[in-house]
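So you can see what is in the structure, the chains are spelled out below.
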Amino acid sequence: MSPYVFAWILWVAMFFAIEMPAVFNRQPGDTLSEVVWKVFAVRGKPLGWQLRRLALLLGLAWLVAHLLSGGLV
């Protein structure tokens, strides 16, 4: 197993180690989804909300295209 594969497996494990307690403690604002919603102004319309949502949309669109194209994008 290459060091990069090991590092990505460790990264995923750390994600679940952080996310699972946050999901089950039912405190607002601690899961990844809730943090993304806050940072990218998904709920409400604070200053700069259009630019934040556009950045989220473009980033996710690129990620999906990148993963589905096998890295051609």
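All figures in this text were calculated on a predicted structure; none of them were measured in a lab. (Residues numbered from 1 in each chain as written. Predicted model: local features only at pLDDT ≥ 70, side-chain atom pairs only at ≥ 80, totals over all residues. Heavy atoms only, no water.)

Asks: What's the story with the overall build of the protein chain in this structure? I'm lost.
Replies: When helices and strands are tallied, the protein chain shows three helices and zero strands. Compactness check: the protein chain gives a C-alpha radius of gyration of 16 Å against a globular reference of 11 Å for 73 residues, more than 25% above the reference. Taken along the three principal axes of its C-alpha coordinates, the protein chain extends 45 × 35 × 15 Å. Put simply, the protein chain has 73 residues, and 7% of those count as buried. The long-range fraction of contacts in the protein chain, counting pairs at least 24 apart against all pairs at least 6 apart in sequence, stands at 0%. As displayed, the protein chain has an accessible area near 6,300 Å², and 75% of this comes from carbon and sulfur atoms. (Helix = DSSP H or I, 4+ residues; strand = E, 2+ residues; numbered from the N terminus. Rg over C-alpha atoms; globule rule 2.2 N^0.38 Å. Buried < 20%, exposed > 50% of the residue type's maximum accessible area, 1.4 Å probe, protein only. Contact = heavy atoms within 4.5 Å. Areas by Shrake-Rupley, 256 points an atom, 1.4 Å probe, with all protein chains shown as cover.)

Asks: Honestly, the packing of aromatic side chains in this entry has me stumped. Any pointers?
Replies: The tally for this structure, following the rule as stated, stands at two aromatic pairs. With a centroid separation of 5.7 Å and an interplanar angle of 70°, the aromatic rings of Trp8 and Trp11 are classed as edge-to-face. On the criterion of helical spacing, the pair formed by Trp8 and Trp11 is a turn pair, its members being three residues apart in helix H1 (residues 3–25). Classification of Trp8 by relative accessible area gives exposed; the value is 55%. Ring centres of Phe15 and Phe16 lie 5.2 Å apart, and the angle between their planes is 75°; on these two criteria the pair is classed as edge-to-face. Judged by relative accessible area, Phe15 falls into the partly exposed class, the value being 29%. Judged by its relative accessible area of 43%, Phe16 is partly exposed. (Phe/Tyr/Trp six-rings, centres within 6.5 Å; stacked < 30°, edge-to-face > 60°.)

Asks: What exactly am I supposed to notice about the environment of Arg52 here?
Replies: Within the element layout of this structure, Arg52 appears in helix H3 (residues 49–68). Sequence separation of Arg52 and Ala22 is 30 residues, and the distance between their C-alpha atoms is 24 Å. Once residues lying within four places of it in the same chain are set aside, the contact partners of Arg52 are Lys38, Val39, Phe40, Ala41, Pro46 and Leu47. Only 3.4 Å separates the side chain of Arg52 from the backbone oxygen of Val39, close enough to count as a polar contact. Side-chain polar atoms of Arg52 contact the backbone oxygen of Leu47, separated by 3.1 Å. (Polar contact = N/O pair within 3.5 Å; in protein donor to acceptor, adjacent residues only side chain to side chain.)

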